[in-house]
Amino acid sequence: MPSPSSAVSDSGRPAPSSLWRDRDFRRLWVGQTASQLGEHTSLLVLPLFAVLTLDATAGQLGVLRAVGQAPILLLSLFAGAWVDRWRTRTVMVLTDAGRTLALGAAALGGLFGLLGLPVLLVVAFTVGALSVFFDVAYQASLVRLVRRDQLVRGNSALEGSRSAAQIGGPALGGALVSLLSAPIAAAGSALFFALSFLSIRRIRRREVVPERSERPPHIGRRIHEGLRFVVGDTSLRTVCLASAAFQFSFAAMMTVYLLFLPRELHLSGTAVGLALAATGPGALLGSVLAARLPGRFGYGVVLVSAAALGDGAFLCVPALHGSAAVTLPVLLAVGFVFGTGGQLVNVMVMAVRQAATPDGMQGRAAATITFVGMGMTPLGSLLGGFLAQEWGLRASLLVTAAGMLLSPVVLVLSPLARLGRTLPASGGDGRDRTPPFA
């Protein structure tokens, strides 16, 4: 008779009561947490190095952020089609190794005085490209490791780890850049990716990978199948539109925000890191609430309310003036509210997508939504840099923060706003055939 810690269902996935006792789920959780720490650290280290050390202009910062985000637009659909036919463990391990090497090389280049803007652009693109594959793979991996009735709990745990990364990553990255140097900060990010590599490669459970035919469809056809599936599903189509509206405005706002904090409010790198890290505690709270509130109030009410509250929090930031003693507490509160609302939205949207998508379509559905939503971020970053140069930081921050409210508007006008206490069901088995949409 199996022990409680090894209890599994007939499908080979852990039984409902043993999610946290399952070693492979814990290894995925540790690896994903470390990977997110590395990603959130590097997302702050590279822009801060450009602003504080290279004295980058608003336009140059917009280009740097756009280059790092461009792989989302260029590679997401390919990543989804690829991940659906391979073990997610293999994909995550390879991408962790690649990001470790890229940031390790950046650290060495910085120590030898070679870490200028061109090198930052190359590193940002490389890390961004590998992160696209990792993010698609880890979202698909949960569905292959746990039962469907555990998806909300599993997503809550994984998104909680991302929250921890949001706390530690920006604060650590800002502190390392301010107190030590950008090369040391880049090396710290590389170490996190190395830890993720070591943890995920220890996952032993055999994944239930969709069967491959002797002559698999051309990758273009598989990408097309994913696009048709998402477009043909009302819930997933709404998620795409809301995500695109949010990500475009958020990318523009963050480009301005990263300039506004050190140049308009005169905050140090450490203070900037703390302001960004404030989303982490809020996201931790959001992860806890996401496992409870939908069952009480319904997914639709919580989804729309959380999006409106979180996205509207930044509207007060352009009015801030004064010393760090005055502005930093307000920025911490804004980040906390944004993190709470954003995490509630993230967990519920991911659960909706996973529940409505067959196993054989998980990677492509995730990649399609990422392509449509996150694919807008390079354009948003470029717009943010342009507006900051032409309109000034305060006006640009107000406009871009207001633009984030387009996302809850899309949600409130959609069927997702009327979701009750249960998730939508999958519409098919998602094997290698065109989904049943006219």
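Position labels on residues start from 1 in each chain and follow its written sequence. Under the rules for a predicted model, residues below a pLDDT of 70 receive no local features and side-chain atom pairs below 80 are neither given nor counted, while totals for whole chains, interfaces and linings still include all residues. Each side-chain value is derived from all of the structure's non-hydrogen atoms; neither hydrogens nor water enter the calculation.

Of all hydrophobic cores here, the largest spans 37 residues; its most connected members are Met253, Tyr257, Leu261, Phe314, Val317 and Leu331. Listed by contribution, the elements that provide at least two residues to this core are helix H1 (23-53), helix H2 (58-83), helix H5 (151-179), helix H8 (234-264), helix H9 (269-277), helix H13 (324-356) and helix H16 (393-403). In DSSP terms, a helix is any run of H or I states spanning at least four residues, a strand is any run of E spanning at least two, and both are numbered starting from the N terminus. With 9 residues, the top contributor of residues to this core is H8. Contact criterion: two residues are considered in contact whenever any of their non-hydrogen atoms come within 4.5 Å of each other. Beyond its immediate stretch of four places on either side in the chain, tyrosine 257 contacts Pro262, Ala275, Leu276, Phe314, Val317, Leu331 and Leu397. What we call a nonpolar core is a set of buried Ala, Val, Leu, Ile, Met, Phe, Trp, Tyr and Cys residues that are connected through their side-chain atoms within 4.5 Å. Three exposure classes are used, based on accessible area relative to the maximum for each residue type with a 1.4 Å probe and protein chains only: buried under 20%, partly exposed in between, and exposed over 50%. By size, the runner-up hydrophobic cluster in this structure holds 26 residues, among which are Val230, Leu236, Met348 and Leu419.

All right, on to the packing of aromatic side chains then. Classification of ring pairs uses Phe, Tyr and Trp, with its six-membered ring standing for Trp, and accepts pairs whose centres are within 6.5 Å; under 30 degrees between planes counts as stacked, over 60 as edge-to-face, and the remaining range as tilted. Considering all chains together, one arrives at 5 aromatic pairs under this definition. Judged by centre distance (6.4 Å) and plane angle (20 degrees), the ring pair of phenylalanine 246 and phenylalanine 338 falls under stacked. Pair noted here: phenylalanine 246 is in helix H8 and phenylalanine 338 is in helix H13, with a separation of 92 residues, a long-range link. Residue classification places phenylalanine 246 among the buried residues on the basis of a relative accessible area of 16%. For phenylalanine 338, a relative accessible area of 11% gives the class buried. Through pairs of rings, three or more aromatic residues link up here, namely Phe246, Phe250, Tyr257, Phe314 and Phe338. Taking NZ or CZ as reference, arginine 99 lies 4.7 Å from the ring centre of phenylalanine 134, over its face. The criterion for a charge sitting over a ring is simple: Lys NZ or Arg CZ within 6 Å of the ring centre, and within 35 degrees of the ring normal.

Before going further, it helps to examine unusual backbone geometry. Positive phi values are uncommon outside glycine, yet histidine 266 reaches one of about 60 degrees. For histidine 266, the location among the structural elements is in the loop between H8 and H9. Judged by its relative accessible area of 63%, histidine 266 is exposed.

With respect to the helices and strands, proline 294 occurs in helix H11 (residues 293-297). Each C-alpha atom, one on proline 294 and one on methionine 348, is 8.4 Å from the other, the two residues being 54 residues apart in sequence. Leave out the neighbours within four places in its chain, and proline 294 touches Leu289, Tyr299, Val302, Met348 and Arg421.

For any two helices packed against each other, the geometry comes down to the angle between their axes and how far apart the axes lie. Interaxial angles span 0 to 180 degrees and are taken between N-to-C directions of axes, which are lines fitted to C-alpha atoms, for helices over the stretch in contact. Running from amino to carboxyl end, H2 crosses H8 at an angle of 135 degrees, the nearest separation of the two axes being 10 Å. Relative to H8, the element H2 is oriented oblique. For H2 against H8, the interelement crossing comes out right-handed. Counted together, Ala58, Leu61, Gly62, Arg65 and Gln69 of H2 and Ala251, Met254, Thr255, Leu258 and Leu259 of H8 form the full contact between these two elements. Basically, the charged four are Asp, Glu, Lys and Arg, the nonpolar ten are Ala, Val, Leu, Ile, Met, Phe, Trp, Tyr, Cys and Pro, and anything else, Gly included, counts as polar. Classifying every residue of the contact of H2 with H8 gives 6 nonpolar, 3 polar and 1 charged. Each angle receives one of four descriptions, namely roughly parallel if under 35 degrees, roughly antiparallel if over 145, roughly perpendicular if within 65 to 115, and oblique otherwise. Left-handed describes a crossing whose near helix is turned anticlockwise from the far helix through less than a right angle; right-handed describes the clockwise counterpart.

Next up on the list: H9. Taking burial as the measure, the 9 residues of H9 include 7 buried ones, the bulk of the element. Among all positions of H9, only Gly269, Ala271, Val272, Gly273, Ala275, Leu276 and Ala277 are buried.

The score called pLDDT rates the predictor's confidence residue by residue, from a low of 0 to a high of 100. For the chain, per-residue confidence averages 78 on the pLDDT scale, and 82% of positions sit at 70 or higher. The secondary-structure element of the chain with the lowest mean pLDDT is H5, recorded at 69, while H16 shows the highest, at 93. This model gives residues 1-17 a pLDDT under 50, and the stretch forms 35 contacts once residues within four places in sequence are excluded.

Before going further, it helps to spend a moment on the pattern of salt bridges. The term salt bridge refers to a pairing of a side-chain nitrogen on Lys or Arg with a carboxyl oxygen on Asp or Glu at a separation within 4 Å. On inspection of all chains with the given rule, the structure shows 2 salt bridges. A salt bridge links arginine 99 to aspartate 96; the shortest N-O distance between them is 2.8 Å. Separated by 3 residues within a single helix, arginine 99 and aspartate 96 lie in helix H3 (residues 88-111), roughly one turn from each other. Summarising the burial analysis for this pair, arginine 99 and aspartate 96 share the class buried. Between glutamate 264 and arginine 394 there is a salt bridge, and its shortest N-O distance comes to 3.4 Å. You can see glutamate 264 sitting in helix H8 and its partner arginine 394 sitting in helix H16, a full 130 residues away along the chain. A relative accessible area of 32% places glutamate 264 in the partly exposed class.

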